[in-house]
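# Fold and contact review
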Amino acid sequence: MWSSQSRSTAIRIGDPGYDISSKKHVSFDSGDTNRVRRNSPAVMRVRHKFAKNVSLNESNIDILINNAGVGMCPEWQTKEGYEMTFGTNHLGHFLLTLSLLPLLQKSPKARIITVSSNTHRLAKINFENINLRNGAYSGISAYVQSKLANVLFTRELAKRLGPNSTVHTYVLHPGPIKTDMSRNMANKSQKAIYDTMTSMLYLRPEMGCQTTLYCALEERLDNESGLYYNNCRQDPLWANGTDDKSAERLWNLSCDWVQLEDHLKI
Ligand SMILES: NC(=O)c1ccc[n+]([C@@H]2O[C@H](COP(=O)([O-])OP(=O)(O)OC[C@H]3O[C@@H](n4cnc5c(N)ncnc54)[C@H](OP(=O)(O)O)[C@@H]3O)[C@@H](O)[C@H]2O)c1
């Protein structure tokens, strides 16, 4: 998340743990870095508090990147009682974004980028059992549901902000990247296979962050909003990603689930 006061404050929330300011593809002045530590099952309360602290210290925000994510974990719950993957990957981003929207709206132009995955194409939102209880849970089903939620959230946010908004939204697949995504896999042999495969076939993080940076910085995207990107270009969505009724339903339910304060509703 970058504030334009001077481009000197970078506040990172859950990026893959390396400093993009030091990489050669794109460079920033990064200055002070404040970081929200993960490992808090109180996913939503933490982000809410964080957003309040940021609002006290920053006058505006230019770029918010919702990158944090978990996947393939055991059937865990957030402190608030939501399935951990959905709570972290969707509800946390939803709450953080809407809490910070007033600051984003204070910039002459601002971008909200949400890192999804092309695996969202395998998903549907299980509205009747969003926490995938009673045997419906698997690491992959929870992950793809949360990644579809990222796509629907981005489209619905663009729609609600409207065509004249100075805040634009972008959602993307970063590519297959060699990161620490397998950290929560309970099955050690599956983890070993995944890690071996990714170390041979997946992109290094320097390459894997390029579509995220493209969405954050490419000036030609100034007039786009609510679209999906892959490999540094726009990519068409499948039908489940353009299901506007589901997007609206998810939005309204998410407001209730995070108990969004009335003044933050749009
Ligand atoms: N790797 C891939 O092939 C791939 C493919 C498609 C999409 N993606 C997406 O890319 C994004 C980044 O994942 P990654 O591959 O870089 O995985 P990763 O190495 O496991 O990084 C995940 C990041 O999310 C942070 N995080 C997790 N839970 C959090 C919480 N509750 N609050 C704040 N931060 C939290 C972690 O913070 P800590 O460092 O503090 O633990 C870490 O920085 C995710 O949204 C993932 O779905 C990855």
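As shown above, the structure is provided for reference.
It should be emphasised that the depicted structure is a prediction, and the values quoted were computed from it without experimental measurement.

Quick notes on the rules
- Residues numbered from 1 in each chain as written.
- Predicted model: local features only at pLDDT ≥ 70, side-chain atom pairs only at ≥ 80, totals over all residues.
- Heavy atoms only, no water.
- Salt bridge = Lys/Arg side-chain N within 4 Å of Asp/Glu carboxyl O.
- Helix = DSSP H or I, 4+ residues; strand = E, 2+ residues; numbered from the N terminus.
- Buried < 20%, exposed > 50% of the residue type's maximum accessible area, 1.4 Å probe, protein only.
- Pairing = 2+ DSSP bridges.
- Phe/Tyr/Trp six-rings, centres within 6.5 Å; stacked < 30°, edge-to-face > 60°.

## Topic: the pattern of salt bridges
Enumeration according to the criterion identifies 13 salt bridges in this entry. One salt bridge connects Asp222 with Lys109, and the closest N-O pair in it is separated by 2.8 Å. Here Lys109 lies in the loop between α2 (84-104) and β5 (110-115) and Asp222 lies in the loop between α6 (210-217) and β7 (227-230), a separation of 113 residues in the sequence. You can call Lys109 exposed: its relative accessible area is 52%. Measuring nitrogen to oxygen at the nearest pair gives 2.9 Å for the salt bridge that ties Asp244 to Arg155. Taken as a pair, Asp244 in helix α7 (residues 244-257) and Arg155 in helix α3 (residues 139-161) lie far apart in primary sequence, 89 residues in all. According to the relative accessible area criterion, Asp244 is partly exposed, its value standing at 34%. Ionic contacts of the salt-bridge type, sharing partners, join the residues Lys109, Arg111 and Asp222 into one network.

## Let's talk about unusual backbone geometry
Its identity as a non-glycine residue notwithstanding, Asn134 has a phi of 55°, on the positive side. Positionally, Asn134 belongs in the loop between β5 and α3. Look at Asn134 and you get exposed, because its relative accessible area is 81%. Unlike most non-glycine residues, Cys232 shows phi in positive territory, near 60°. Considering the arrangement of structural elements, one finds Cys232 in the loop between β7 and β8 (233-234). For Cys232, a relative accessible area of 31% corresponds to the partly exposed category.

## Let's talk about the pairing of strand β4 (residues 63-66)
Neither face of β4 is open: one carries Ile63 and Ile65, the other Leu64 and Asn66, and all of them are buried. The pairing of β4 with β5 spans 4 bridges and is parallel. Residue pairing across strands places Ile65 opposite Ile113, the latter belonging to β5.

## Here's the deal with the packing of aromatic side chains
Scanning the model with the defined rule gives 8 aromatic pairs in all. When the ring of Tyr170 is compared with that of Tyr229, the centres are 6.0 Å apart and the planes differ by 40°; the resulting orientation is tilted. Note that Tyr170 is positioned in strand β6 (residues 167-173) and Tyr229 in strand β7, a separation of 59 residues in sequence. Here the two residues Tyr170 and Tyr229 agree in accessibility, since each one is buried. Grouped by ring-pair contacts, the aromatic residues Tyr82, Phe86 and Trp257 constitute a single cluster.

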